Every structure is written in C-alpha cells, then in structure tokens.
Number of protein chains: 2
Amino acid sequence: MAFFLNAEAAVLSALGAVGFTPSRHSGRCRQRSGPTRHRAHAETPAGRVELRWPWGQGPCSGDTGSVAQAGRQQPDSSLKDAWDKSSSASRMALLETGKHSHGLVPGSVNPDLASERQTASFSVEKLTAQLDGGVEQTWIRRAVVEAIESDPVFSRENQYFQSQNERYEAAVRKAVHLQKKMHEMGWTENGPEFKYIYRALSGDVAFLLHRIFMRSISVLGSDKQIAKWIPLATQYQLIGSYAQTELGHGTYLQGLETTAVFDITTQEFILNTPKISAMKWWPGDMGRSATHTVVFAQLYVQGKCYGVHPFIVQIRSLRDHSLCPGITAGDIGPKMNFEHIDNGYLMMQNVRVPRENMLNKFCEVQPDGTYVRRGSQKINYFTMTTVRISLISDEVLTPLMKACTIAIRYSAVRRQSKLKPGEEEAKILDYQTQQEKLLPQLAAAYAFHFINDYLQELFDRGYREIQRKNFDTLPELHAFSSGFKAMVTQHCTSGVEICLRACGGHGYSLLSGLPSLYTKILASCIYEGENTILLLQTARFLIKCFMAASAGQPVPPSVTYLAAVKPGKCPAKNKLDFLRPDIYTEAYQHMAVRLISSTAAKLQDLIQSGVKKHDAWNQCTVQLAQAAKAHCHYITVKNFAETVEKLETKAGIQKIMKHLCDLFALHGIFSNSGVFLHDGYISGAQMDMVTASYLDLLAVIRKDAVPLVDAFDFTDKSLNSALGSYDGQVYHRLYEWAQKSPTNKQMSPAYEKYLKPLLHNTPSKL
Amino acid sequence: MAFFLNAEAAVLSALGAVGFTPSRHSGRCRQRSGPTRHRAHAETPAGRVELRWPWGQGPCSGDTGSVAQAGRQQPDSSLKDAWDKSSSASRMALLETGKHSHGLVPGSVNPDLASERQTASFSVEKLTAQLDGGVEQTWIRRAVVEAIESDPVFSRENQYFQSQNERYEAAVRKAVHLQKKMHEMGWTENGPEFKYIYRALSGDVAFLLHRIFMRSISVLGSDKQIAKWIPLATQYQLIGSYAQTELGHGTYLQGLETTAVFDITTQEFILNTPKISAMKWWPGDMGRSATHTVVFAQLYVQGKCYGVHPFIVQIRSLRDHSLCPGITAGDIGPKMNFEHIDNGYLMMQNVRVPRENMLNKFCEVQPDGTYVRRGSQKINYFTMTTVRISLISDEVLTPLMKACTIAIRYSAVRRQSKLKPGEEEAKILDYQTQQEKLLPQLAAAYAFHFINDYLQELFDRGYREIQRKNFDTLPELHAFSSGFKAMVTQHCTSGVEICLRACGGHGYSLLSGLPSLYTKILASCIYEGENTILLLQTARFLIKCFMAASAGQPVPPSVTYLAAVKPGKCPAKNKLDFLRPDIYTEAYQHMAVRLISSTAAKLQDLIQSGVKKHDAWNQCTVQLAQAAKAHCHYITVKNFAETVEKLETKAGIQKIMKHLCDLFALHGIFSNSGVFLHDGYISGAQMDMVTASYLDLLAVIRKDAVPLVDAFDFTDKSLNSALGSYDGQVYHRLYEWAQKSPTNKQMSPAYEKYLKPLLHNTPSKL
C-alpha cells in the first residue's frame, strides 16, 4: 500500500531539508521587506555568473508588447536548419504553398500564439518576479538555468529515445559533472543558486540518495560519526544510499524484517535478510552505484528486540565495485518512470559491521551490550515531516505548471472544427469544454504555489519554535504536512493527466513531454507516504481537535474554525455574490466542519453501539479521508483569497489572480457539489449560480491563458516538448524530433527477417 | 483535440466492424439460441474479409476448489528453479527461517490467496461460462489461449525490457508467425476460434492496419477493385495501411489538406502534401512496414474541389522496400505505449496513381473528368459507428478486468500495518479505503461487460434493419456508440489508474503489468473520436429527442423516458431501500432527465435572449457533456439490474451479481451526489442512507473479491504481472523477474567512465 520510492522524493528531502531555512522562502510572493531581499541578494555570490542572458525559451515576456525585445524569445534556429536539411522533395512540397497557412513558417513565432501575448491584461515579467519572490530571484534562477542548459553535458535532447541503461548512465554523468560545474560556477550548497539547480536539471541526475545518506548521518549520527563519514561522502570517496523500504514492508516501519544482532564477542552487528519479503527493495542509487548504505534493521541484543535502528553498511568494494561478501544486490528493473535512477535491492547474509556503525545520536549499544537511549528525537520527527512539504515545489508543482504551459500553448495553436459556420477552424482553446479542462488546472497551479508559500512560512515558524525546545506545534505541522502532501499530489497528478488528454493524439506522443511528466508525478502520490494513509493521519488530528473544541478546550490556530460550528445557509443572492471570497470561503469552511463533525459523530455512535474502537475507525475511513481533504481544500481557498488581497494592485496582477482564485474556488464547488448541497447550506438554485459564475470565468481567464503560463518562465529546453515551445511551431518540431528517433535511424532487421520473406513468398502479381 | 491513433484502435475497427455480426456476440451471457448465430452469419455481406472477429473477453477458472485441476493454474515451476539457482548465500539466508512467514514458499499457492478461494459464495467456473456465453465458448477460448501461449514465438516474457525497435520487430515476427499458426491449427477467419486470438496474443502483434486497409477496400471499393486488391492483401503480396489523420487534422475530416488532382491527359491523380500540417501522421503499420496505403485526400477535378476521397497509393518498393519516388515516410517516434506499432508519417510530392486507384463504390471520376456519385453511403456510416462499440471488449474491458485481477489478488497477499492491536499485519484488502478503491472498479467491469452485451444486441438489431434499407435507427445507434464509447473508456481508464495506485510502489514497477495496462487504455479515450466530442454528439441527439418528446412527437425507444418527466422525490425510507433496483434506477432516470431538460432550457433561453445558435451551443457544452454521461450511466445501471433479474438463480451467481449491481449503482450516486441532491430528489438524509448501504456492500463483496476476479479467467502469461499471478507468490516473482532486466545483465559503462574516476579521485581514507 505504501512504499517509498526513495528516489527523487528523497532527494527532495535533501534539497528540501538543506534548503529548509528561513532564507529560502523569504521574499516569496508576499514581498517581504526589502532588507530581507537585499540580505538574500548580498548572500549571493553570483557575480561570477551572467545575470542577464540570451534566453531561448519560454517565459515571461517582459512587459506586454515588448516580448522579443531582448532577443530572449527567438525560436531555436536549429529548427530551421533541420527543415532546410530535410529531403528536397518534402521541403519543396511543403514550402510551395502558403494556402490556408496558419503561419507555420519555421523561424518565427506562430501568429496564433503571438496574438495571445499581445492582449495580456497584466505584465508577465512582473508576475514572474512575483512568483519567484522578487526580481533578483528571477535573475539568479535564470542565470542558473542558462548555465546548466548551455552546458551540453546536461542536455536532455535524446531523453525520450533512451533505454533504462542509457538514462542511468546519463544521470551518473550529469551528477559527476555537476560537482565540477558547481565548483566552476562558484555555486555552494548554502548559496542562493543552489535551490534552482534541481529545477534547471529537470531531475535527471543521480546520487540523490547519496544526499539522503549524508542527511541521515547528520541527523541520526553522533558527532564522531559525522566527523568520520560526512567528509568521505562530501569528497565522494564513497557513494551512499538509504535502505529502509523492504519488498514486503513500506509505510509501517515497525514491520521491517531485516535483523541486526549484536555479537558481544566481536563487538559487531551481524545483519541478515531472514526471508525474501525482508529484502531491501526500491532504494535509489543502490542498484548499481552505491558503495555504502544506511540499513534500517531490527536490533537484537542478547535475544531482546529493541526495534528498528540505522546501520552503515558497505555493499560494494571501493577498489573494483564488486559486491562485498554476504551481499546480494542489483537493480529492481523497469518502472513507469525514474529510469535514470538505479532503484535497487539488497540481501545480506551474516554481514558484520563494527559496533560504531550503528548511528548512535539517540541510542547506543554499549560494549557490554547495555542498550542506552538518550536525548529527544522530536527534532528528528520534525525533519521527517518537512520532507513532504519540501517535495511539493519541484516534484509536484513544477510538473503541473509545465503541463499547463504545454497544453495551453498547444490549444492556442491547434485548430479543430468550426465554431462558427463559414469561419476558419477554431483554436481549440476557444471551446468551452477545452477551457473547462485546462483553466481549472492553471488556477490550481497558482493556488498550490501560494499554499506552498504558506506552508513554508508555517514550517519556518515551527522550526524556530522547535529550536527553542517548544514542541507544541508538532502535531499540527505533522497533520499539515500529511494532508497537504496528499491533497496537492493528488490534485496535480490528475491535473497533469487532464492536460495530457486535452492534447489528444499528439499529447500521447512522448515528444509532447506530457507522458513523462505524468508518469513521474504519479509516483508522488505513493512515495513519502501513500496518500490515503497520510489523509487518515490528518483526519486523526482533525477528529481529536474537533472533540477538544467541542469540549471547549484550546486547539491549534489552524483548526479553531472547528469550534465555531454555525448551521446557517449560504447568503448568496445571485451569481455575482459567488465571486465574493467571503461567500465561498465561508462555504468551504462550513463544508469542512460538517464533514469532520458528522464523521466524528458516526465514529462515536459506532463505539457507543459496542463496535471496537479500531473496527469503528476502519468503518469510517472513507469518510475520514474525505473530511481531511475538505479541510485542506478549505485552507487552500482561504489562503488564495488572503494572498490576493495582499497583492499589489498595480500591473494588473491582483485582478487576474482574483479571477484565478474565484475559478479555483468555484471549480471546487462545481465539481464537489454534493458536499455543499448535502445539508442545504447551498441550495440547488444557488448551485446554478455557482455554475453560471464558474462558466463565465472560463471565458474571462481564457483571454490571459497564454500570458499566465508564460509567467511560469520555463525555457524550451526545460519543457522539452514539441507541443509547448514558446514559438508554437508545433508541427515543424514534431516532425524534426521524430527524425531523431532510433526507429528512423536504420532499416529494421524485421525487414530482412520477416517482411521480405513474406512479401516474396509468392511471385508478385503487382 | 481529437486524433485517431490509427493503430490498435483501428484494428479494432477491423476486428470490430468486420466482426460486427450477430454471430460475434451470440450466446454471450444471455445464452442466445444457436440458430440466431447461424442466420446472422449468413447475412454478412463481408465475406471478402474476416467475418468473425476477435472479440476476446472475460475468462475464468475452474469450480471453486478445483481451480488448478487442469494444471492450468499451477504456479510457474521456473519460479522455484530461479530460486534454486539464486546465490547460495541469499538462498540460504532466505530459507533459513520461517518465522513470521506469510507462507511465501516457492512452488505453492500463497495461503493468503488460497484461503480467499475457499469461501467463494458461488461457482467460479459457472460464472466464467456465463461471461463467455456458454461453457463451449470457454473451452474454445481456453484452447486458443493454450495454443498461443505454449508457442514460444508468441512469448511476452521480455516485453517490459524491450526498446521500441525490439517491440516492433517482435510484433512483426508474431504477425508473420500467426499466419502459419492459424494454418497449422486449422483456425480460419470464419471459425469459432478466431475471435479469441487477439485476446490470447494480448495485442502485441503487427499488421492490424493491414486489416483496415482490406476493410476499407471491401467497403469503399468497387467489385473490380475488390477483385484486384483483396487477394493480393490476403496473400501478403503487399502490406497495407490506412492514412487518414494528418499532423494538423484529426476528427474534423473536412479539414484534411492532402490534395489529389485529376490529370485528364494521363488519366492519373496527382497526390501532394501541400504543407507540413497536411502530412499524414499516426497511421499504424506505415512507419516501417507498409508497401501500400489508402490515402484520404481532397479531390480536385478541373479546379473544382469535391471533398475527401480515398486513394490506394504505393509507398514502398515491393522489391527492396525502399521508398517510392515522391514519397517521404518514417516512424513518428516514441509514444506512451503501442511501441510495437510503427505509427508513421507520410508526405507526397507529385505522386501519380492511375484513375482506377480511387476507391469508387460510391463515387467515381470518369475518364472525361465527370464526377459521378452513386448509391447510398448510409450502410458505410453505420459500419463506422460500430467500430466504437467493437473496441470496448478487447481494448477497454480486458485491461480493466486484468487490472482488477492484479490489484485484488495483490491486496489479498500484501500485508501492511495492524488493523487490530496485537494481531499480525492485515491484508490491505481488509481496509475499507482499499475496498473503496478496488471494488467499485470490479463492479464497473461487470457492469460494462453486460452493457457491452446489450450494445451488441442493439447493433445487431440495427444491422438487420439497415439491411432491409430501413435507416431509421441510425441516429440512435450513432448516439449510443458515441456516448458509450466515451463513458466506458473514461470510466475504465480511471479504473485502471486506481488499481495501479492502489498497489503502491510495486504497482509502479513495470513488472506489475499495471503501468502498461494504463498507458495503453489511456489511448482509448482519444482514438476513434475524442471523448468530449463524442459526448457532445450524443448530447445533440438527446436534446433533439427531448424537444421532440416535449412536443409530443415520437422518439426512439431508448429515450422514451425523456417524455415522462416526473418531479417527485425518491421514496426510499431507509438504507435497505437503496438496495432496491427500482429505487436507484428511478433515481438515475430522474437525474438524467433533469440534466438534459435543464440544459435544453438553458440553450433555449440563450437563443431567445439573442445569442447566436452556435455560441449558445458552445456556452452549454460543459453541461451537455455531463447530461450525455448521465444518460449513459442511467442506461448502464438499468441494464445491469435487468440482467441480474434474468440470471439463473442457481450457483449463487445471481446473488453476487445483485451485490455488484447495487455497488455499481450506489457508487455512482455516492460519487456524483451533487446531481442527485440538486433538486432535492434525494435528500441529505437519504444520501446518508446511500452512503451507509454503499459502505456496507464493500464488506460483503470483499469476501468474494478474489473469486470474482478469478472468474475473468486470465492466465498468468496473459496478465504478465509479478503481482497478479494465480499463486500470489508476489515477492519471489518480483525478485526473479528483476534478475532478467538488462540493467542486471552487465556492469554499466558508467562505472569505468564516471564512478571509478570519481571514487579514486583522492586516495581513499577508508
């Protein structure tokens, strides 16, 4: 049910945890005070990189009307070259007529896309800066992206044609080269550029688990262990992994079956994989790369089991990379994505490690076999919960934003059927059904960007409290990280799928970039805690708070609304009322309270009627998960509305964000109408008003749809999509890229082996 | 927005449309009489092409308790062999202890799965026969499956490790070998085995478009053309394809841009691809295999355009397979699935074909340039609509049934966390949330199996009418085929995704079989008409019928319910009432009528307020699509209830089918509660009863979950899943299969190139 992929997910742990400091999100979106920004800027050692640069890409066209001014938006000239090199027959045929042309001339921006940019109601460049948390951040990010993308070692050009073996090799090559690159560019792990590197690489890099290896030693190891292992890892004298998940065991850590038995005579731990379900399975970097790993195993001392503990185990020779004695390890084979990661398996038979290899910051086995527990692990639990939040940005939001960019640009270029008789075929973005697929996903991308800022701030505050040894906020933070990880990954995964399907057949081609975005984001619903389990953890917190609030006890700030249960009805009188944030936020709140309170009531009824507590809980889990989602949905809407209110009114940004906020909220009511109608809080007639306002909004936002995705500021190389490039030259690019496919590089052996004998079987009559 | 994949989809065309004769679905489930089968058979005018067709489908395994009797379900002995051959270290380690064992002993059925089968409430073998349409059909199907699967040429063993090139080669090899196999087995295209071949091959076979090529000639060609081309194609003296879709043009056929200009002086057509968007793109078998294709192009005679017509064009030499003069063609590159198919592109520059190569059953250009149209094309339109129905079984239902089989068997074996304190970890199938994910998909698989039977019967009747030159049913049939294709593909695609995600991390491994089922079924939402467009076609029919019914005019039988609009309220008094088919069927009917009538009203209001008709239509499309779905959902529920009523009462089948019918219906109400609550037809209190009954049913059906998927009767080879095999030896199989991965076959060059220099960069301190 729940397993860790232990791959990128966990990277994020690394990147996330490392970056999880107040400075990381200062100045984001809410326009924190200038000093904060300048400080951040002063920290920037970025004088070494070019701050302004040619930018063959996506985004953020500057002020309206000056899109191409810096030459940044010029389409890739290689396109035209490729076209010129195509067979003369085809070239001649294709260039000979411009009749019915939709302007698909190589070397220029498709007029169907260019026209979309001329009517933007806001400054795209300013919105980009807003999303980045200030224009300086935008510069730094672009500089990092440029440095990475201009380096051929990091090219993703042939990614869609590569086998699992080839992708692994490329990921290792990039990881090794990245060390060099960082040194060359003067980027450090504490520098301002660091957080943009992963986005710039678009994830295809190895050694992410090496970082988790390091982090786990830093967090769980003693000072002595840190002093020994961290320098070795930093200098890559070893390659680390992190072996927790087993073939038969995921989320439920107590269930792990790997054993580590203390041998008092030799002062060693003897590690074993007692049966097949105990085999470590999934850890990234372990299948082919790692020399060492942190193994989680049940600790036995003198016959007594002390539960799961972490041990550093060497698995491959540092001399020739052969497997160490007692070790069986390899790659777990092909996956839906993450082909570049060597997720691995590991079996151990009587593998001995010295006593010092158990990470012993929190507990230790002394030489005489005495087991000692010490200090508080609470800060460590906190670090774990932050991982779920830290993955949202790069692993979940970025794919949705990319998918929206690709699908919306394509929908402004693709023409299909006639909307009005006698006119030319219409852009598919002009169809209400297409808008209704894509624009709510766009609104969600913004909503989740803002909730991500909110969560960063919340965890930032929590971190400061915890550093002061105040652990009161831990349960709330845990509930937040679980619930939002589940809600956001679920929503964004489904959003990417909608974008893929909305692009029809061409979306199904790998060259569109959409299939790989989908197959990758899908994993986020599973790793770092399977979503259903996470929602139920949030639900447990909510039920507890609801009970406390009902009893008049104090509850954490985010759930005080549970105490204020008002029956009431929605006061909206007409469809315009549903564009009032107070009206819809109140509706979400009411709905969340109702779902939580009614489920709490069902739970109590069951228990009072004699059902055992755990059975009663299980019988309510479908509704509990629904209630947890409702809570997160409410907080997201509320936060979006509050963010809009605080935005600057200039540059048209507040206005368009208000539209998106309305759309996000009304789409949620429209598509979950039952939970709002259930107790009559919203009436059928009011639901018709919601629908009317919702559909009206689609037409309004459609006008700014392309500028809104341009503001995400993805380069063409980063999108890696034949459908989504800035210039909208969709068909030329599909054709050019298809040429590079291995299927076009040579005659298939199938011809000589099968087709020729078949066709020449009987004397031809043709 | 809408494109044809022209691949398997179209196969299905072939398989489907050709096979669309009464004989195809005779005897299914409803146990039709033999004579019907024979008569229908004789009526078919399609003797030139395959008469019967694959129509493979649901499966099944022996009587409860005697499942393994025929040796068919014995676990693969190679498993044990592999285990024996594994390194002695690992083997010893793994066999040394049986402690906490879940019985994962190679060579036997996992006790966790075996126990599920001992308590079946019905005869699995009888249910299988019911699904097959009689026990004789089951025998024939199993014989075909056995013959195919025992032949090593058809093996899919390494499929998950193969590149696009390798899969193409394998598909060609299988297609060529299939000819031989059929001859050897005495299977003919008119024989009873034929319809099971495609299912037995699990789709990985080439030359499916060759069949479409033949069908299009049979349907659109004159007797003379048929006499010339069909024998050539039958003997594989050429390999055909079907080139309709263009890079810039999908569903909207009038928009095609390829031109065919008649040259009166040479009596030839000159074909051209005037610009890049006119390039043919997607046709299967065209990228690397085909020598000929049927090209759809705008016909020009003496400067006048006569619209789209079909032309036979040779594209590759029959001697050496090189491209013919004026032809540019190749493979369109990697896709999300269908790697075995060489979907291709095609450009033509001044390609000349003789006048006789225009398929001219319905229209002809005479030597003097006179354009003549003749006969009725209506029968042809009918053939087109049948394609959408014919693909449901093999391409949509089979994947959902397989996904349910894999996910449910795995959920009975996988244990995770404790449901009750002190007990061992629970089967994940015992969690309500897991049941709520999987069991509605299982119910849907049965619901769609039965609606498929219903649609077959409907089209069968329609076909007989049409042969009597009565075309009255055409609009209704068209609406049915569009709406049900959209609803069923949508529902089943989402069902497969749910199954995949419900298997957590292991579901994400290609070795689970689930990713490829998902990526393949996803395409069914796009090909043969994009779903949104199809739903709107159904909606147009419904609105028209609603208007007619309101005006007292007669309407087709399937929509007479639209005339009987009753306001009323749902009469259910308690949760048991919601297990009454009359109660929930009535609710679905009410809901469908309400959505159709309210959208019709909105449409009229808009038009009356001065909005132009096409604009008004576009502004209602989101709601129109919803109304069309509601109609299909209603018909599906109603049909399921009626089917259950007619089932034999013996063998416990009717009882379990009744539970599934209830679950399907209540799941639909539970998850679309808004549309039932909207006008108060169902009250909030009644919705709570629905929820209660729905959740109760999960626990009831859970007991028979494994027998219910066993009844689909998929062999292990057909599932090709490490998680879903009959013996439930999940972990052994994952481990065994991973060994075969190319990533474990050799040391990666990445070690010598990158890892070694990195690790040896500085003198080791370890």
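Located above this text is the structure these notes cover.
Residue positions are counted from 1 within each chain, in the order its sequence is given. The naming scheme follows written order: chains are lettered A onward, ligands numbered 1 onward. Per-residue local features of the predicted model are confined to residues with pLDDT of at least 70, and side-chain atom pairs are confined, for both listing and counting, to 80 or more; whole-chain, interface and lining totals are unaffected and use all residues. Hydrogens and waters are ignored; side-chain quantities use all the structure's heavy atoms.

Visitor: I keep staring at the interface of chain B and chain A and nothing clicks. Help me out?
Guide: It is common to give the size of an interface as the accessible area that goes away when the parts come together. Listed per partner, the contact involves 163 residues of chain B and 164 residues of chain A. Summed over both partners, the interface of chain B with chain A comes to about 13600 Å²; 62% of that surface belongs to carbon and sulfur atoms. Among the salt bridges present, the one from Lys-420 of chain B reaches Asp-615 of chain A, with a minimum N-O distance of 4.0 Å. Here a polar contact is recorded for every N or O atom pair within 3.5 Å, except that within protein the pair must consist of a potential hydrogen donor and a potential acceptor, and residues adjacent in sequence are included only if both atoms are side-chain atoms. Inspection of the region where chain B meets chain A yields 54 residue pairs in polar contact (both at pLDDT 80 or more). Only DSSP runs of H or I with at least four residues qualify as helices, and only runs of E with at least two residues qualify as strands; both kinds are numbered from the N terminus onward. Top element by residues in the side of chain B that touches chain A is helix α28 (residues 749-759) of chain B. It accounts for eight residues. By the convention used here, residues are in contact when the closest approach between their heavy atoms is within 4.5 Å. Buried area: the accessible area, evaluated with a 1.4 Å probe, that two parts lose upon being put together, summed over both parts. We define a salt bridge as a side-chain nitrogen of Lys or Arg found within 4 Å of a carboxyl oxygen belonging to Asp or Glu.

Visitor: Would you mind going over the sheet that holds strand β8 (residues 344-348) of chain A with me for this structure?
Guide: Either a parallel or an antiparallel arrangement is found when strands of a sheet pair, and the pairing is made through backbone hydrogen bonds. All names here are of chain A. At least two DSSP bridges between two strands are needed for those strands to be called paired. The strand order across the open sheet built from three strands is β4-β8-β7, with neighbouring strands paired in antiparallel fashion. Two strands lie at the open edges of the sheet, namely β4 (280-281) and β7 (327-331), each paired on one side alone. When β4 meets β8, the two strands line up antiparallel, connected through two bridges. Of the residues in β8, the one forming a bridge with Trp-281 is Tyr-345.

Visitor: Help me understand the nonpolar core in this model?
Guide: Among the nonpolar cores identified, the biggest contains 481 residues, and Leu-271, Tyr-446 and Met-657 of chain A together with Leu-271, Tyr-446 and Met-657 of chain B are the most heavily contacted of them. Not counting residues up to four positions away in its chain, the partners in contact with Met-657 of chain B are Leu-127, Tyr-446, Phe-450, Phe-640, Val-644, Leu-647 and Leu-708 of chain B. Among buried residues, those of type Ala, Val, Leu, Ile, Met, Phe, Trp, Tyr and Cys that are joined through side-chain atoms within 4.5 Å constitute a nonpolar core. Accessible area is worked out with a 1.4 Å probe on protein chains only. A residue is then buried under 20% of its type maximum, exposed over 50%, and partly exposed in between.

Visitor: Sorry, what's going on with the packing of aromatic side chains here?
Guide: When we look at a pair of aromatic rings, we describe it by the centre distance and by the angle of the planes. Stacked, tilted and edge-to-face are the three classes assigned to paired rings of Phe, Tyr and Trp, where Trp is represented by its six-membered ring and a pair needs centres within 6.5 Å; plane angles under 30 degrees give stacked, over 60 edge-to-face, the rest tilted. With the rule as written, the count across this model stands at 37 aromatic pairs over all chains. Note on Tyr-508 of chain A and Phe-338 of chain B: the rings are 6.2 Å apart at their centroids and 65 degrees apart in plane angle, and the pair reads as edge-to-face. Remark: Phe-338 of chain B occurs in the loop between β7 (327-331) and β8 (344-348) and Tyr-508 of chain A occurs in helix α16 (residues 504-508); the pair is interchain, linking two chains. Here Tyr-508 of chain A and Phe-338 of chain B have matching classes, each one buried. Between Phe-640 of chain B and Phe-664 of chain B the ring centres are 6.4 Å apart and the planes differ by 50 degrees, which places this aromatic pair in the tilted class. With Phe-640 of chain B in helix α21 (residues 621-646) and Phe-664 of chain B in helix α22 (residues 653-671), this pair connects stretches of sequence that are 24 residues apart. For Phe-664 of chain B, a relative accessible area of 4% translates into the label buried. An aromatic cluster of three or more residues is present, and its members are Phe-448, Phe-450, Phe-640 and Phe-664 of chain A. By the criterion adopted, a ring carries a charge over it if an Arg CZ or a Lys NZ lies within 6 Å of its centre and within 35 degrees of its normal. Note that Lys-520 of chain B overlies the ring of Phe-338 of chain B, its terminal NZ or CZ placed 5.6 Å from the centroid. Between Arg-540 of chain B and the ring centre of Trp-617 of chain B, over which it is positioned, the NZ or CZ distance is 4.1 Å.

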